[in-house]
Structure formats: C-alpha cells, structure tokens
Amino acid sequence: MSEFAIDAQRLARRYGRRWALADVTFRVPPGSVVMVAGRNGSGKSTLLRVLATAIRPDNGNASIFGFDLVKQREDVRRAVALLSHYSYLYESLTAKENLQVTADHLGVSRDSIPALLDQVELGPRADDAVATFSAGMRKRLSFARVLMQKPRVVLLDEPYGQLDPPGFALVDEVVSALKARGTTVLMATHQLERGAQQSDLAIFLEEGRLQWSGKAAEAPLGATR
C-alpha cells in the first residue's frame, strides 16, 4: 500500500492534437485537502476525471492509495467519489428517491438518507422531483450522494459553482467534515481565496502543465486571474 493517497507521475491526456494534461507530476499525503487552480481550459477537470477513471491517461501513470488507475480501475472506483459539473441525477425521481437509488447501487443502508438531506439543507424538499430543482439545489443533492459513498478520496470539480453564499458555507462545512474524518480532497475551483483557506496544499495548472505546487497558504493567488 502506497504512503500517498494520490501519486501521479508524468500524467498526460490528449484530445485530438491538443494535450489537456502534459507531464503532470504530484503527490498527495492521506487526509490532505488540495486546491487545484488554473484558468478555464488549463486541465483541471481533465485531471479530476482521469483520477476518477472516467477517462484514461494517454501517458504516464497514477495511483490512488497504491491502486493503479488503469490496471486496478475497480479498486480505484471503490475508493474515489467525483462531484463533476454534471449532476447525473434522475429528473423524474424525488431527492429521496435519487439517494435511494444510490444507496441500493452501493449496497448500503437507506437509513442515512434523511440526515444527508438535512445536512445539505434539502430535507423539506425530500419528496419533490429533481426536475423542479434549481441548479444550486441539484448541486446540494449531488453533495449528499458523494457523502453517502464514504470514499477515501473526494474529487470536487467547481464545488462552489451555481451556489449562493449559504451554499458556499455548506461547501466549506462539507470539506471540513471530510478532512476531519481523514478523507483526502482535491478541489478544482476558481474561488481561490476561499479554496486556499480550506486547503493544505495547492497545485496550479496552465495549458495542461503543472506550473506551481506547494502549501496553499503560500499559493500565488493572482497567477490565474
């Protein structure tokens, strides 16, 4: 078993002729919160999708707690949860029913669903169809689904997107709770000041390449503006 939660070595991914990631190398100790920063198109989402095994790297390699992304995909998927730009929720089902589907898929009890909905402040809307939800409410429900998985690594792609200020506070609380239980978190965000406050480490991408890495408190926050 690796001493690192995430160990990426010269990770690369190409779309046609364009390299979305090129020779990206970094390591993340277990239990760390890492901010992933960069302009639009810098490779943040691609990095998270590669680490979640949603897409395969074209070059390099990476592991999650020692499990190889390509050779041990199922082991990686059991350890990782991804909150992406797309909610992948069932529109015709209620919030509660969506989480019931997730619970059944994971093989876990449904008993935690009311508490999870309360945690993301959707308890009063538990029996409403997702089709009636705003974008921010869908994001909240997606957070509840991630929390249900109890993963070792959580990958958050623009978690503050589509949320109002109370939603920002909710994200901060969720990240703090994940860290408190020893979960490793990678958070791709444009909310640099807020993200840095929540993070231990930071990495900055530019045109698919790693431009800076280090302690979040020392991050050059003006570099991606």
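Provided above is the structure to which this section pertains.
Residues numbered from 1 in each chain as written. Predicted model: local features only at pLDDT ≥ 70, side-chain atom pairs only at ≥ 80, totals over all residues. Heavy atoms only, no water.

> Got a minute to help me understand the side chain of S199 in this structure?
Looking at the element boundaries, S199 is found in the loop between α7 (192–198) and β9 (201–206). According to the relative accessible area criterion, S199 is buried, its value standing at 11%. (Helix = DSSP H or I, 4+ residues; strand = E, 2+ residues; numbered from the N terminus. Buried < 20%, exposed > 50% of the residue type's maximum accessible area, 1.4 Å probe, protein only.)

> Teacher, can you tell me more about unusual backbone geometry here?
Even without being a glycine, R10 presents a positive backbone phi close to 50°. Residue position: R10 is located in strand β1 (residues 6–15).

> Would you explain the pattern of salt bridges in this entry?
Where charged atoms from two side chains of opposite charge come close, those side chains can pair. Inspection of the entire model under this criterion finds 14 salt bridges. Between E74 and R77 there is a salt bridge; the shortest N-O distance is 3.6 Å. Placement of both E74 and R77 in helix α2 (residues 73–79) is noted, with a separation of three residues, approximately one turn of the helix. Assessed through its relative accessible area of 37%, R77 is described here as partly exposed. (Salt bridge = Lys/Arg side-chain N within 4 Å of Asp/Glu carboxyl O.)

> Please clarify how the nonpolar core should be interpreted in this entry.
A general tendency of soluble globular proteins is for nonpolar side chains to be buried together. Among the nonpolar cores identified, the biggest contains 34 residues, and L99, L117, L122, F133, L141, F143 and L156 are the most heavily contacted of them. Elements represented by at least two residues in this core include exactly β6 (80–83), α3 (95–106), α4 (113–119), α5 (135–149), β7 (153–157), α6 (165–180) and β8 (184–188). Excluding its chain neighbours within four sequence positions, the residues that come into contact with F133 are A95, L122, R125, D128, R138 and L141. One finds V50, A62, V76 and V80 within the second-largest nonpolar core, a separate group that totals 29 residues. (Core = buried A, V, L, I, M, F, W, Y, C linked by side-chain atoms within 4.5 Å. Contact = heavy atoms within 4.5 Å.)

> In this structure, what is going on with the packing of aromatic side chains? I would like to understand it.
Given two aromatic rings, their pairing is described by the distance between the two centres and the angle made by the two planes. In total, this model carries two aromatic pairs according to the counting rule given. When the ring of Y160 is compared with that of F168, the centres are 5.3 Å apart and the planes differ by 70°; the resulting orientation is edge-to-face. The same class applies to Y160 and to F168, which are both buried. Here the aromatic rings of F204 and W212 are separated by 5.7 Å at their centres, their planes lie at 90°, and the arrangement is edge-to-face. Since its relative accessible area comes to 3%, F204 is described here as buried. Over the ring of F65 we find R152; its NZ or CZ atom is 3.7 Å from the centre of that ring. (Phe/Tyr/Trp six-rings, centres within 6.5 Å; stacked < 30°, edge-to-face > 60°. Lys NZ or Arg CZ within 6 Å of the ring centre and 35° of its normal.)

> It is not clear to me how α6 should be interpreted in this structure. Could you clarify?
Because an α-helix packs 3.6 residues into every turn, residues spaced three or four apart end up facing the same way. Under the 1.5 Å per step criterion, the end-to-end length of α6 is 23 Å for 16 residues, consistent within 8% with the ideal 22 Å. Of all the residues in α6, the buried ones are G167, F168, L170, V171, D172, V174, V175 and L178. If you follow the buried residues of α6, they end up packed against β3 (33–37), α4, α5, β7, β8 and α7. The positive-phi residue at the C-terminal boundary of α6 is G182, with phi of around 85°. (Expected span 1.5 Å × (residues − 1).)

> Before we go on, may I ask you to explain the sheet that holds β9 in this structure?
Paired through backbone hydrogen bonds, the strands of a sheet run either parallel or antiparallel to each other. The strand order β6-β7-β8-β3-β9-β10 describes an open sheet built from six strands, whose pairing is mixed. With one partner strand each, in any of the chains shown, β6 and β10 (209–215) form the two edges of the open sheet. Within the sheet, the average angular offset between the axes of one strand and its neighbour, ignoring direction, is 15°. Across five bridges, the pairing between β7 and β8 is parallel. Within β8, the position partnered with D157 by the bridge is A188. Packed onto the sheet, helix α1 (residues 44–51) meets β3, β6, β7, β8 and β9 and runs at close to 150° relative to β7. Of the strands in this sheet, β6 and β7 touch α5, which is tilted by about 180° from β6. (Pairing = 2+ DSSP bridges. Axes fitted to C-alpha atoms, helices over the stretch in contact; angles between N-to-C directions.)

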